[in-house]
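# Coordinates in review
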Amino acid sequence: MSMEHITFNKDGLIPAIVQDAASGEVLMLAYMNKESLEKTMESGETWFFSRSRQALWHKGETSGHIQKVRELYYDCDGDTLLVKVDQTGVACHEGTYSCFSRKVESVGINQGEKLPISIIYELFRVIKDRQENPAEGSYTTYLFNKGQDKILKKVGEEAAETIIASKNNSQSEILYEMADLWYHCLVLLVYHKLTPTDLFKELDGRRK
């Protein structure tokens, strides 16, 4: 990307929308100046310009919640950036994964529906959090405490129950049992320090 295509505003800034490269979830909006954009491109991690402090800041420098840049786009007018990243930890300083966690009610169609891909990543993040921050009474924490053999046993059990549901020709049973199977498969991914993105890459590679 050449700087000649970028249009900074009168303050020398350009808004940068940060998006989870895998799930498509919008994480935050910040501003870059020429120097922070150059640092972002050189380092492969996001750098921004703080309008309140009038200083550069490296996302995750103190929290460890860095953003590895996957792709960087500019819009048709060259006055807005889209930064697709792999997010470590959370994007928001309030502790939520995305800064956009406050929903305006009664706006839009299909109220309450989530994109299928975002559901997978949201569940994955919850499972990973239960591994890193064990919670008393949590079934997911229980599985990690019991270890690999217990997790594998549950994957096997849920796979068998999915087969039985299919033999019963029951769509509701299939969905119920397969949801359990997918959940336990996600637990297994986390156990092995893998992500849904790793799995999708494998599937995409086979398609090609």
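Structure: above.
My aim in this report is to walk through the structure given alongside it, one point at a time. This one's a predicted model, so the numbers in the text were calculated from it and none came from an experiment.

Thresholds applied
- Residues numbered from 1 in each chain as written.
- Predicted model: local features only at pLDDT ≥ 70, side-chain atom pairs only at ≥ 80, totals over all residues.
- Heavy atoms only, no water.
- Axes fitted to C-alpha atoms, helices over the stretch in contact; angles between N-to-C directions.
- Helix = DSSP H or I, 4+ residues; strand = E, 2+ residues; numbered from the N terminus.
- Parallel < 35°, antiparallel > 145°, perpendicular 65-115°, else oblique.
- Left-handed = near helix turned anticlockwise from the far one by under 90°.
- Contact = heavy atoms within 4.5 Å.
- Nonpolar A, V, L, I, M, F, W, Y, C, P; charged D, E, K, R; others polar.
- Buried < 20%, exposed > 50% of the residue type's maximum accessible area, 1.4 Å probe, protein only.
- Phe/Tyr/Trp six-rings, centres within 6.5 Å; stacked < 30°, edge-to-face > 60°.

Between helix H3 (residues 139-146) and helix H5 (residues 171-191), whose axes approach to 11 Å, the crossing angle comes to 50°. It follows from the interaxial angle that H3 and H5 lie oblique. As H3 runs across H5, the sense of the crossing is right-handed. Facing Tyr 139, Thr 140, Leu 143 and Phe 144 of H3, the residues of H5 in contact are Tyr 183, His 184, Val 187, Val 190 and Tyr 191. Considered class by class, the residues forming the contact of H3 with H5 number seven nonpolar, two polar and no charged.

Most of the time, phi is negative for any residue but glycine, and the peptide bond is trans. The phi dihedral of Asn 169 falls on the positive side, at around 55°, and the residue is not glycine. Within the element layout of this structure, Asn 169 appears in the loop between helix H4 (148-167) and H5. Positive phi values are uncommon outside glycine, yet Lys 193 reaches one of about 60°. Secondary-structure assignment places Lys 193 in the loop between H5 and helix H6 (196-207).

Along the polypeptide, Tyr 176 turns up in helix H5. For Tyr 176, a relative accessible area of 57% corresponds to the exposed category. Remark: the alpha-carbon pair of Tyr 176 and Phe 100, spanning 76 residues in sequence, is separated by 31 Å.

Here the focus is the packing of aromatic side chains. Aromatic ring pairs are reported here in terms of the distance separating the ring centres and the angle at which the planes meet. Applying the stated criterion across every chain yields a total of four aromatic pairs. Residues Phe 48 and Trp 57 carry aromatic rings whose centres are separated by 5.1 Å and whose planes lie at 40° to one another, so their mutual orientation is tilted. Owing to a relative accessible area of 0%, Phe 48 belongs among the buried residues under this scheme. Residue class for Trp 57 comes out partly exposed when judged on its relative accessible area of 24%. Each residue in the set Tyr 139, Tyr 142 and Tyr 183 is aromatic and connected to the rest through ring pairs, giving one cluster.

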